[in-house]
Amino acid sequence: YVLARDHRTRLKDAEALERERLDLTRQQSEALRANGSFWRFWMGLAYGYLSNFGRSLTRPFALLLLTFSMFSSVYFSLASETAASTCSKEDRHIAALSYSTLNSFIGIGTVDVSLQQRAVKCLLSGTNSESQASLSMTVMGHIQKTISFVWLFLFGLGIRNSLKLT
């Protein structure tokens, strides 16, 4: 009987703590929306929708996958049709996927630069303005790295908050 009462007390305390957390999250979101600052309002709104104020794991991960697939298709569309002489269509798909993978996760591209160079060579070989296309791929790669870093940060924040006990 004493153990059951102690267990019920702990469950009630945990429920009250979770209710307080939800109230605090709601208050923070209302404070961000009520603040007169234009920048803070939109950043708070985006933070709430994109990661549920750092509590969601699935939203940032799904957005990371969406970013990966979107940039893969952009890189493949940049691949010239004249590159077929050096790389087949399947090879260009694989090169676009590998280039997007290298840009999705910060630090992977710096481990093996030759892998990134081979992907770019396969995607851009045979173009008339190879340097201009290479520049646009480099700029898009940096944009993808920045966006992916935000999604990975929000995913890590979600992991931290899900493991947080108090």
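Each value, and the rule that gives it
- Residues numbered from 1 in each chain as written.
- Predicted model: local features only at pLDDT ≥ 70, side-chain atom pairs only at ≥ 80, totals over all residues.
- Heavy atoms only, no water.
- Core = buried A, V, L, I, M, F, W, Y, C linked by side-chain atoms within 4.5 Å.
- Buried < 20%, exposed > 50% of the residue type's maximum accessible area, 1.4 Å probe, protein only.
- Helix = DSSP H or I, 4+ residues; strand = E, 2+ residues; numbered from the N terminus.
- Contact = heavy atoms within 4.5 Å.
- Phe/Tyr/Trp six-rings, centres within 6.5 Å; stacked < 30°, edge-to-face > 60°.
- pLDDT = per-residue confidence, 0-100.
- Expected span 1.5 Å × (residues − 1).

### Looking at the nonpolar core
Next up, step 1: Core analysis: the largest hydrophobic core is formed by 14 residues, its most contacted members being Tyr 75, Ala 95, Tyr 99, Val 120, Leu 123, Leu 124 and Met 137.
Next up, step 2: Listed by contribution, the elements that provide at least two residues to this core are α3 (58-78), α4 (89-104), α6 (113-124) and α7 (130-163).
Next up, step 3: The leading source of residues in this core is α6, at five residues.
Next up, step 4: Ignoring sequence-local partners within four residues, the contact set of Met 137 consists of Tyr 75, Leu 78, Tyr 99, Val 120, Leu 123 and Leu 124.
Next up, step 5: One finds Leu 63, Leu 64, Leu 154 and Leu 157 within the second-largest nonpolar core, a separate group that totals five residues.

### A closer look at the packing of aromatic side chains
Next up, step 1: The final tally for this structure, using the stated rule, is three aromatic pairs.
Next up, step 2: Centroid distance Phe 61 to Phe 155: 5.9 Å. Interplanar angle 40°. Geometry classified as tilted. Taken together, the residues Phe 61 in helix α3 and Phe 155 in helix α7 connect sequence positions 94 residues apart.
Next up, step 3: We classify Phe 155 as partly exposed; its relative accessible area is 26%.
Next up, step 4: Ring centres of Phe 71 and Tyr 75 lie 6.0 Å apart, and the angle between their planes is 45°; on these two criteria the pair is classed as tilted. Residue Phe 71 and its partner Tyr 75 are both found in helix α3; the two are separated by four residues, about one turn of the helix. Tyr 75 carries the same exposure label as Phe 71, and that label is buried.
Next up, step 5: By way of ring pairs, the aromatic residues Phe 71, Tyr 75 and Tyr 99 are connected into one cluster.

### With respect to the confidence of the model for the protein
Next up, step 1: Summing up the model confidence of the protein, the mean pLDDT is 78 and the portion of residues at 70 or higher is 81%.
Next up, step 2: Per-element confidence in the protein is highest for α3, whose mean pLDDT is 90, and lowest for helix α5 (residues 108-111), whose mean pLDDT is 57.

### As for α4
Next up, step 1: With 16 residues, α4 ought to run about 22 Å at 1.5 Å a step, and its terminal C-alpha atoms sit 22 Å apart, in line with that.
Next up, step 2: Taken as a whole, α4 has its buried residues at Arg 92, Ala 95, Ala 96, Tyr 99, Ser 100, Leu 102, Asn 103 and Ser 104.

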